[in-house]
Every structure is written in C-alpha cells, then in structure tokens.
Protein chains: 2
Amino acid sequence: MPARNYAILGTGAVGGYYGGLLARAGFEVHFLLHNDYAHVAAHGLLVETSTGSFTLPAVHAYRDSRDMPPCDVVVVALKSTQNHLLPVLLPPVMKDAGVVVMLQNGLGVDEAAAAVVGPQRVLGGLCFLCSNKVGPGHIRHLDFGAVKLGAYAPDPRTPPPVSPQAEAVAADLRAAGVPAQAAADLLLVRWEKLIWNIPFNGLSVALDATTRQIMENPDSLALASALMHEVAAAARASGREIPASYIQARLDDTRRMVPYRTSMKIDYDGHRPMEVEAIFGNPVRAAGKAGCPVPLIEGLYRQLRYLDACNTAP
Amino acid sequence: MPARNYAILGTGAVGGYYGGLLARAGFEVHFLLHNDYAHVAAHGLLVETSTGSFTLPAVHAYRDSRDMPPCDVVVVALKSTQNHLLPVLLPPVMKDAGVVVMLQNGLGVDEAAAAVVGPQRVLGGLCFLCSNKVGPGHIRHLDFGAVKLGAYAPDPRTPPPVSPQAEAVAADLRAAGVPAQAAADLLLVRWEKLIWNIPFNGLSVALDATTRQIMENPDSLALASALMHEVAAAARASGREIPASYIQARLDDTRRMVPYRTSMKIDYDGHRPMEVEAIFGNPVRAAGKAGCPVPLIEGLYRQLRYLDACNTAP
C-alpha cells in the first residue's frame with residue numbers, strides 16, 4: 001500500500017506544525033489556508049522548533065477545499081468555532097475510505113464531523129503541544145508535541161477497541177518525529193486534555209495571564225487546581241476516571257513550561273471568537289446531564305461568553 | 001441636649017456625601033482628609049446630586065485625627081483596606097460616650113472598630129448609594145442614598161433590640177435629608193448589602209463592565225443572579241433569611257439604575273487596593289465556618305485577589 005496522503009484543513013499553530021512535519025518526512029500533504037494562502041503559496045512554510053527549525057519552500061497550498069485532491073486522512077485543525085463549515089469543507093477532500101482526524105480540543109467536535117461523514121470515519125486527536133502561529137506560514141513550536149488519537153464512539157458507554165485507522169495515523173506521525181499513540185478511549189483522552197485546557201485557557205483570558213503567572217500566584221494556582229478537580233469530577237460522572245496524580249503531573253508540567261500564552265488568549269487578544277463552547281459549554285452540559293455540579297467551570301464559562309461577546313462585537 | 005457633633009473619617013464618595021448633607025443641615029461636622037486636605041481646607045466641598053447641587057465653601061478640615069475635637073459620632077467612611085489605621089485614628093476623636101459608625105460594606109469591619117473602642121460603642125451602617133468622588137472635595141451623587149444603621153452584636157446569634165444610638169444617628173441623618181433607619185439586626189443588613197456588592201463589585205472588575213453591561217448580557221446576568229443566590233445561601237447558613245424576592249428587587253433596581261462604575265472598579269482602575277477581604281474574603285470564611293459551599297463566590301474571590309496583587313504591585 002502506498003503512503004497515505006494527507007489534507008490539513010487549517011494551517012495554523014497545530015495544522016502547520018504537524019502537517020509541516022509530515023511533509024518534511026516525505027508524506028504528500030495538502031494544506032488548506034485562508035488568510036495566509038497567498039503567502040504560503042509563494043513562500044511555503046517555516047517551522048521553528050526548540051530543537052531545530054526547517055522550511056518547506058514549496059507546499060501544496062489551497063484556498064478552497066474543492067480544489068484539493070481526495071485524501072486518505074483529512075486533519076481538521078481549524079478552530080472549533082469554524083466547525084459549521086465542515087459540511088462544505090469535508091466531502092470534496094475525502095477519499096471513499098478516508099478518515100477525518102478532528103485535531104481539536106473540547107467535547108462535541110467529533111460529533112460535528114460524524115454528522116457529515118458518518119461516525120465510522122471519524123478519529124479524534126488531542127495535541128499536548130505549545131505552539132503558536134507567529135506570522136503567515138510561520139509556526140513557532142515552544143514545547144511538548146505528543147498526540148493521542150482514538151476512534152469516535154457514538155455510544156460513549158462502550159468505547160471501541162483501539163482502531164486500526166488510529167494506529168495507522170499514529171504510525172505516520174511517529175515516522176514524522178511526533179510522539180503519537182493510538183488510544184482506545186477517545187472520550188477519556190478528551191477529558192484528560194480538558195483537565196489542562198479548562199483552567200489554563202479560561203484563566204489566561206479572565207485574568208490576562210500567562211501560564212507562568214497563573215502558576216506563581218497562590219490564588220490563581222488554587223483556582224486552577226480547583227477547576228481541575230471539577231473537571232475530574234465531571235469526567236468521573238461520565239464514567240472516565242482521572243486520578244489526582246494526573247492533575248498533579250499536569251501542574252508540574254505547567255510549572256516547568258516556558259511562559260505560554262494559551263490559544264484561547266491569543267484568539268481573545270486578536271479579537272477572534274474563542275473556543276468557548278467546545279472547551280467549556282459542552283463539558284458543562286455533559287456534567288449537567290450526568291448530574292455533576294461544576295459551579296467553578298460554569299462561572300468561568302459565563303464570564304468567557306460575556307467577554308467573547310464584547311470582544312467580537314462589530 | 002445640644003446637637004451631636006460629627007467626625008467624618010474619609011471624605012470621599014460616601015463620607016463627603018453624608019458629611020456634606022449633615023453640615024448643610026447645620027450639624028457641626030469635622031472632616032478628616034488625606035490627599036484632598038489642602039484643596040478642601042481652601043475651597044470646601046462641592047456636592048452634586050441629581051436633584052440639586054450645593055457647595056460648602058468653608059468646612060472643618062483636618063489631615064490628622066489628633067487635631068480634631070472629640071466627637072459624639074465618628075463616621076468611618078474610609079476604605080476597609082485602611083482599617084489597620086483605626087487604632088491610631090479613633091481614640092483622639094471620640095468623646096467618652098461617643099460612638100463609631102462603620103459606614104463600610106462587607107463583613108468583619110465592625111469587629112475592627114470594636115477591637116479599638118469596645119463593642120458597645122460600635123454601630124455599623126450600610127449605604128444603598130451610587131456616588132463617586134470625581135475630584136478633590138468634589139462628590140457626584142448619582143442615585144439612591146438610603147442608610148441602614150444597627151448596633152454591633154458581638155454574638156451574632158443574639159442581635160440586640162434596636163439601639164437608641166442607632167436611632168439617634170438615623171434621626172440626625174433624616175434631618176439632613178437622608179432616608180435613614182435603624183435596624184435591629186446589623187448582620188442581616190450586612191448580608192443584604194452583600195447580595196448586591198458581591199456580584200456587581202466583583203463582576204465589574206472581572207469583566208471590566210458597568211452595572212448596565214452586566215444586566216444586559218444574558219451570561220453576566222445569569223452569573224450575577226447565581227452569585228446572589230449563593231450569598232443568600234451563606235446568609236441563611238448564618239441564620240439570616242433573605243427571600244428570593246429581595247434578590248429580584250435588587251436586580252430590578254439595578255436594571256433601572258444609571259450605568260454605574262462600582263467602587264471596587266474605581267479602585268481597580270485607580271490602581272488602589274480593592275476591598276476584597278471585607279466584601280469577599282470574610283463572607284467566604286463565614287460561609288465556610290457555617291458549612292455552606294459558595295464556589296462561585298470563592299472563585300471570584302480568588303480572581304480578585306490575583307487581579308489586586310497584579311494591579312497594586314510596585
């Protein structure tokens with residue numbers, strides 16, 4: 001079987017980084033761009049990493065997914081606030097046996113893809129990554145980079161065994177230098193990621209703070225920790241156990257991390273819509289359905305919705 | 001008995017307004033000032049109100065309480081963040097039979113005065129007032145203005161009957177045109193005031209919002225309302241019942257109010273310490289002691305402590 005080809009929908013901090021690594025490793029990669037199309041079509045991609053940088057002077061760049069070839073793997077690295085575009089974007093770029101990888105944080109995003117291409121063709125992926133887009137086609141990777149992939153399970157009570165499709169994509173990513181692994185229980189991985197995203201994305205905006213500032217002040221640290229424990233309680237109510245040691249490990253990681261402006265803060269500062277519903281709204285509703293009170297998360301959710309509305313008002 | 005004389009410690013939005021009204025009504029009033037001393041000593045006070053403005057060209061102004069005459073009623077209208085100064089400020093200005101009126105929001109402020117002058121000589125006062133200091137000796141009254149006064153009860157389980165001292169001060173205020181009344185249960189009035197102060201002071205800072213902006217967005221309104229219900233639950237756990245109709249009435253008031261920048265927001269914008277402990281920290285601790293969870297208030301408290309620390313860092 002020839003190497004799988006890839007479509008990257010959304011060539012930013014996440015899509016540009018992983019897509020760039022796949023292209024460097026020799027995979028055929030097709031990049032969908034919006035604002036940066038002209039720059040990347042002319043100059044390609046520049047990926048800076050802490051361990052070495054590289055350029056891809058000529059990449060397959062597109063501004064319309066209808067111009068892209070059908071691909072084996074379609075990586076959706078758009079903001080989840082753009083998922084209403086999936087019915088238009090996905091069909092032209094998928095091979096009949098192709099899969100979508102929803103490389104987005106939060107809950108409810110796999111469902112958005114499943115509604116378009118069917119649940120059997122959807123993988124979810126979580127990136128444990130600090131990366132920013134610092135200019136058109138210019139990605140700066142700061143820290144970490146692991147990816148966990150799993151098949152979408154329409155019935156969350158019965159996660160499927162590890163999916164061969166997830167194994168295959170993980171193997172490609174590993175060949176490109178990414179520490180990637182397939183996980184049986186995508187929903188568990190999504191909740192694990194929320195353990196970090198809910199406190200640090202939310203507080204970075206509400207407090208105008210970097211990860212380091214949140215870690216160094218005892219009040220913001222106590223609040224981050226309390227939020228993490230609420231996320232774990234909500235996960236438990238959904239049948240996913242996340243031990244306290246996992247929370248402690250994420251706090252320890254974050255303390256050691258370079259000071260990081262989260263993706264939600266970068267969107268806020270740029271007056272772009274924040275991923276409030278995927279990262280906060282859907283988890284709050286999932287907790288509510290499971291009968292688990294999450295007042296701190298819900299309070300922060302309300303604040304972020306208010307701030308988002310003010311910040312993106314015309 | 002001759003008319004009681006008054007000392008006003010802190011001649012700002014609150015002290016300048018009520019002290020100015022008392023002076024206009026003919027009471028002997030002595031004003032302690034700090035930054036504004038020279039201006040007020042030279043030019044007196046200007047009080048603008050929605051129903052008419054007045055000037056007091058010559059007032060008794062002081063910059064040191066040791067220069068003030070002993071008074072019957074000492075009104076403390078300082079920020080509660082200044083209460084560590086009470087042991088220095090109060091003794092020189094109190095007649096032997098004088099009383100202190102702690103005209104401050106929050107919990108734990110009467111205790112600060114009682115520790116200096118003894119619990120029998122302390123009244124607490126709550127102002128339902130929209131007023132700002134807009135310049136040296138220049139007070140702008142926007143809306144409302146009622147005062148409720150009650151005697152401090154060291155044992156909150158047994159509030160005393162209405163105090164004659166509170167009745168006397170309320171009568172003086174009424175003579176000066178202030179809708180003032182004596183209340184038997186100071187602690188109930190303090191919790192009632194917190195029903196407004198906790199959501200609107202806190203969210204005005206956390207969301208950079210006026211009262212009107214908070215009322216007009218469905219998310220901030222839902223959050224304000226949820227905070228109010230947590231305050232009522234904490235009050236109930238302390239033996240003080242505040243009905244849901246009281247919360248609704250405060251929301252209705254606030255909807256009708258002119259857009260108002262809260263005192264906490266004004267302090268924050270001026271890089272001055274916010275009254276976080278009196279308005280948030282002490283209520284959170286009281287709720288904790290009474291076994292009542294207040295996660296939304298506690299989350300906002302942690303945020304405000306973080307913001308206060310950043311905002312007042314040297």
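What counts as what
Residues numbered from 1 in each chain as written. Chains lettered and ligands numbered in written order. Predicted model: local features only at pLDDT ≥ 70, side-chain atom pairs only at ≥ 80, totals over all residues. Heavy atoms only, no water. Least-squares fit on C-alpha atoms with pLDDT ≥ 70 in both. Contact = heavy atoms within 4.5 Å. Buried < 20%, exposed > 50% of the residue type's maximum accessible area, 1.4 Å probe, protein only. Helix = DSSP H or I, 4+ residues; strand = E, 2+ residues; numbered from the N terminus. Buried area = accessible area lost by both parts, 1.4 Å probe. Salt bridge = Lys/Arg side-chain N within 4 Å of Asp/Glu carboxyl O. Polar contact = N/O pair within 3.5 Å; in protein donor to acceptor, adjacent residues only side chain to side chain. 1 Å grid on protein atoms, 1.4 Å probe; cavity = no way out; pocket = protein on both sides within 12 Å on 5 of 7 lines; lining within 4 Å. Points joined across faces, edges and corners; volume = space filled by probe spheres on them. Nonpolar A, V, L, I, M, F, W, Y, C, P; charged D, E, K, R; others polar. Axes fitted to C-alpha atoms, helices over the stretch in contact; angles between N-to-C directions. Left-handed = near helix turned anticlockwise from the far one by under 90°. Phe/Tyr/Trp six-rings, centres within 6.5 Å; stacked < 30°, edge-to-face > 60°. Core = buried A, V, L, I, M, F, W, Y, C linked by side-chain atoms within 4.5 Å. Pairing = 2+ DSSP bridges. Right-handed = clockwise from strand over helix to strand, strands pointing away.

Draft legend 1. Expanded view of the relation of the copies chain B and chain A. Superposition of chain B onto chain A requires a rotation of 180° combined with a translation of 0.0 Å along the rotation axis, giving an RMSD of 0.0 Å. The two molecules are tied by a two-fold rotation axis, judged by turn and shift. Comparing interface residues between copies, 100% of those in chain B also sit at the interface in chain A, which points to an isologous, same-surface contact.

Draft legend 2. Representation of helix H1 (residues 15-24) of chain A. Within H1(A), eight of the ten residues are buried, which leaves it mostly tucked inside the rest of the structure. Directly beyond the C-terminal end of H1(A), a positive phi value near 105° is found at Gly26(A).

Draft legend 3. Region of interest: the interface of chain B and chain A. Each partner contributes to the interface: chain B provides 19 residues, whereas chain A provides 19 residues. Buried area between chain B and chain A, both sides added, is near 1800 Å², and the carbon and sulfur share of it is 62%. Scanning the region where chain B abuts chain A turns up four salt bridges. Here Asp219(B) and Arg305(A) are joined by a salt bridge, their closest N and O atoms 2.8 Å apart. The interface formed by chain B and chain A contains four residue pairs in polar contact (both at pLDDT 80 or more). Of all the secondary-structure elements, those providing two or more residues to the side of chain B that touches chain A are helix H8 (218-237) and helix H12 (295-311) of chain B. Top contributing element to the side of chain B that touches chain A by residue count: H12(B), with ten residues.

Draft legend 4. Structural detail: empty space enclosed by the protein. Under the definition given, this model contains three cavities of 30 Å³ or more. The volume enclosed by the largest cavity comes to roughly 120 Å³. As for the largest cavity, its lining consists of 16 residues, of which Leu296(A), Gly299(A), Leu300(A), Gln303(A) and Gln303(B) are closest to the centre. Here the lining of the largest cavity is composed, by residue class, of twelve nonpolar, four polar and no charged. By volume, the second largest cavity is sized at about 80 Å³.

Draft legend 5. Focus on the packing of helix H11 (residues 276-289) of chain A against helix H12 (residues 295-311) of chain A. All names here are of chain A. Interaxial distance between H11 and H12 falls to 10 Å at its minimum, and their mutual angle equals 145°. The handedness of the crossing between H11 and H12 comes out as left-handed. On H12, the residues touching Val276, Glu277, Phe280, Gly281, Val284 and Arg285 of H11 are Ile297, Glu298, Leu300, Tyr301, Leu304, Arg305 and Asp308. Looking at the contact of H11 with H12 residue by residue, the class counts come to seven nonpolar, one polar and five charged.

Draft legend 6. Molecular detail of the packing of aromatic side chains. Residues and elements named next belong to chain A. This structure, assessed with the given rule, holds six aromatic pairs over all chains. Relative to phenylalanine 27, the ring of tyrosine 6 has its centre 5.8 Å away and its plane inclined at 85°; by these criteria the two rings are edge-to-face. Note that tyrosine 6 is positioned in strand E1 (residues 6-9) and phenylalanine 27 in the loop between H1 and strand E2 (29-32), a separation of 21 residues in sequence. Overall, phenylalanine 27 belongs to the buried group, its relative accessible area being 13%. Ring plane angle 25° and centroid distance 4.9 Å describe the contact between tryptophan 196 and phenylalanine 200, whose orientation is recorded as stacked. Here tryptophan 196 pairs with phenylalanine 200, and both are found in helix H6 (residues 186-206), just four residues apart, close to one helical turn. For the pair tryptophan 196 and phenylalanine 200, one class covers both residues: buried.

Draft legend 7. Spatial organisation of the nonpolar core. In this structure, Leu9(A), Leu90(A), Phe280(A), Leu9(B), Leu90(B) and Phe280(B) are the most contacted members of the largest nonpolar core, which totals 146 residues. In this structure, Leu9(A) is in contact with Leu32(A), Met68(A), Val74(A), Val75(A), Val76(A), Ala77(A), Leu78(A), Leu89(A) and Leu90(A), ignoring residues within four places of it in sequence.

Draft legend 8. Main features of the packing of helix H6 (residues 186-206) of chain B against H8(B). Residues and elements named next belong to chain B. Contact geometry for H6 and H8: axes closest at 9 Å, N-to-C directions at 145°. Pair H6 / H8 crosses with right-handed handedness. Contact residues: H6 offers Trp191, Leu194, Ile195, Ile198, Pro199, Phe200 and Leu203, while H8 offers Ser220, Leu223, Ala224, Leu227, Met228, Val231, Ala232, Ala234 and Ala235. Across the contact of H6 with H8, the residue classes tally to 15 nonpolar, one polar and no charged.

Draft legend 9. Seen up close, the pattern of salt bridges. For the structure on display, the rule yields 44 salt bridges over all chains. Two residues, Glu48(B) and Arg140(B), come together in a salt bridge whose shortest N-O distance is 3.3 Å. A residue pair is termed long-range when its members are at least 10 positions apart, and Glu48(B) in strand E3 (residues 45-48) and Arg140(B) in strand E9 (residues 138-151) qualify at 92 residues. In this structure, Asp253(B) and Arg256(B) form a salt bridge, with 3.3 Å as the shortest nitrogen-oxygen distance. Here Asp253(B) and its partner Arg256(B) are both found in helix H9 (residues 244-256), three residues apart, which amounts to about one turn of the helix. Take Arg256(B): its relative accessible area is 63%, and that puts it in the exposed class. Sharing partners across several salt bridges, the network here consists of Asp219(A), Glu277(B), Arg285(B), Arg302(B) and Arg305(B).

Draft legend 10. Expanded view of the environment of Thr254(B). Residues and elements named next belong to chain B. Tracing the sequence through the fold places threonine 254 in helix H9. A residue is classified by how much of its surface remains accessible, and threonine 254, at 2% relative accessible area, is buried. Dropping the residues within four chain positions of it, threonine 254 is found in contact with Trp196, Phe200, Thr211 and Met215.

Draft legend 11. Summary view of the pairing of strand E7 (residues 94-102) of chain B. Residues and elements named next belong to chain B. Where strand E6 (residues 71-76) and E7 come together, five bridges link them in parallel fashion. The partner of cysteine 71 across the bridge, within E7, is methionine 94. Between E6 and its parallel partner E7, the chain crosses via helix H3 (residues 86-93), and the hand of that crossover is right-handed.

Draft legend 12. Quick peek at the environment of Leu194(A). Mapped onto the secondary structure, Leu194(A) falls in helix H6. Along the backbone, Leu194(A) and Arg63(A) are 131 residues apart, and their C-alpha atoms lie at a distance of 31 Å.

Draft legend 13. Structural context of the pairing of E1(A). Residue and element names in this part refer to chain A. Here E1 shows two buried faces, one formed by Tyr6 and Ile8 and the other by Ala7 and Leu9. Alignment of E1 against strand E6 (residues 71-76), held across four bridges, turns out to be parallel. Paired with tyrosine 6 across the bridge in E6 is valine 73. Strand direction decides the pairing type here: E1 and E2, joined by four bridges, are parallel.

Draft legend 14. Quick peek at unusual backbone geometry. Even without glycine at this site, Asp208(A) takes up a positive phi of about 50°. Considering the arrangement of structural elements, one finds Asp208(A) in the loop between H6 and helix H7 (211-216). Exposure remark for Asp208(A): the relative accessible area of 56% places this residue in the exposed category. With a phi close to 60°, Phe144(B) is a non-glycine residue in the positive phi region. Tracing the chain through its elements places Phe144(B) in strand E9.

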